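Reading the structure
One letter stands for each residue in the lines below.
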Amino acid sequence: MNCLIVDDNKMARTAMKQLASHVEQLHVLGECTSAIETYNLLQKEKIDLLLLDIEMPGMSGIELTRNLGKKAPVIIFTTVKKDYAVEAFELNVADYLIKPVSPARFIQAIERAREICETQSQQQELQVSDNEFVFIRDNGVLKRIKIDEILFLEAMGDYVKLHIPQKYYAIHTTLKAVEEKLPAGRFMRVHRSYIVALDKIEAIEDGTIVIQKNAVPIADAYRSALNSRLNLL
């Protein structure tokens, strides 16, 4: 993992760098003394992990984390106070270390961060090529699926299930992001949690679309638009 140490205290940065030097495959790419400096560096460099102090002048580590949002690397907070623990973990950070940090506690936090990084690298992504195929990343391997094979898509928390005949793929994305990538002429959202392939609709009955024995609900807000897209006799 590529790591960045962020702390306005030089002695604290030195201590953290010393701890990191004893962990294999943890590479300290640099040190920053403020959240603003860190924010600017992250726009240019690929960083997997931030060892981030909380109390810093100008912008705190918690404020930096909020500003980075989903673009944030994995974060381990480092601080001399326990006061921010609840607020920190609400931001889904990997760990919260109280300085001074023992080697054993540091390694525990790094291993937790490493697990998160590995999980993120294995998460599936959706890419569309020439409106004929979708490419999904499945355990590090790009798989090509014909758009004609897609039956419907279903939002499930932080994932979208892409249904094809006999199986589905779980993609770590949002339904809105998928909708923007798929050809609009062939797919339509019929519910806040569902997008269907229009040419795969077999029947509509009692507010439900039938696609290869799968029942997909139609929300009232989308019913009129769907009727206008169907080739009704």
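The structure under discussion appears in the preceding block.
This one's a predicted model, so the numbers in the text were calculated from it and none came from an experiment.

Structurally, Asp-53 can be placed in strand S3 (residues 49-53). Between the C-alpha atoms of Asp-53 and Thr-33, which are 20 residues apart in sequence, the distance is 9.4 Å.

Strand order in this open sheet of 3 strands is S14-S15-S16, and the pairing throughout is antiparallel. Of all strands in the sheet, those with a lone pairing partner are strand S14 (203-205) and strand S16 (214-217), marking the two edges. Averaged over all adjacent pairs, the angle separating strand axes in this sheet is 30°, with direction ignored. Sheet topology places strand S15 (residues 208-211) next to S16; 4 bridges connect them, and they run antiparallel.

What follows covers helix H1 (residues 10-20). Residues that lie three or four places apart on an α-helix share one face, since the helix turns once every 3.6 residues. For H1, every residue scored as buried is listed here: Ala-12, Arg-13, Met-16, Leu-19 and Ala-20. The buried residues of H1 occupy one face: seen down the axis, they fall within an arc of 125°. Seen from the open side of H1, the exposed residues pointing more than 90 degrees away from its buried face are Lys-10 and Met-11. With a side-chain oxygen positioned 2.9 Å from the backbone nitrogen of Met-11, the residue opening H1 is Asn-9.

What follows covers the sheet that holds strand S1 (residues 2-6). Overall, parallel pairing links the 5 strands, which are arranged S2-S1-S3-S4-S5 in an open sheet. Because the sheet does not close on itself, it has two edges, and the strands there are strand S2 (27-32) and strand S5 (95-98). For this sheet, the mean angle separating the axes of adjacent strands, direction not counted, is 20°. Of the pairings in the sheet, the one linking S1 to S3 comprises 4 bridges and is parallel in character. Looking at S3, one finds that Val-6 is bridged to Leu-52. Across the sheet, helix H3 (residues 61-68) is in contact with S3 and strand S4 (74-79); its angle to S3 comes to roughly 145°.

What counts, and at which threshold
- Residues numbered from 1 in each chain as written.
- Predicted model: local features only at pLDDT ≥ 70, side-chain atom pairs only at ≥ 80, totals over all residues.
- Heavy atoms only, no water.
- Helix = DSSP H or I, 4+ residues; strand = E, 2+ residues; numbered from the N terminus.
- Pairing = 2+ DSSP bridges.
- Axes fitted to C-alpha atoms, helices over the stretch in contact; angles between N-to-C directions.
- Buried < 20%, exposed > 50% of the residue type's maximum accessible area, 1.4 Å probe, protein only.
- Arc of directions from axis to C-beta.
- Polar contact = N/O pair within 3.5 Å; in protein donor to acceptor, adjacent residues only side chain to side chain.
- Contact = heavy atoms within 4.5 Å.

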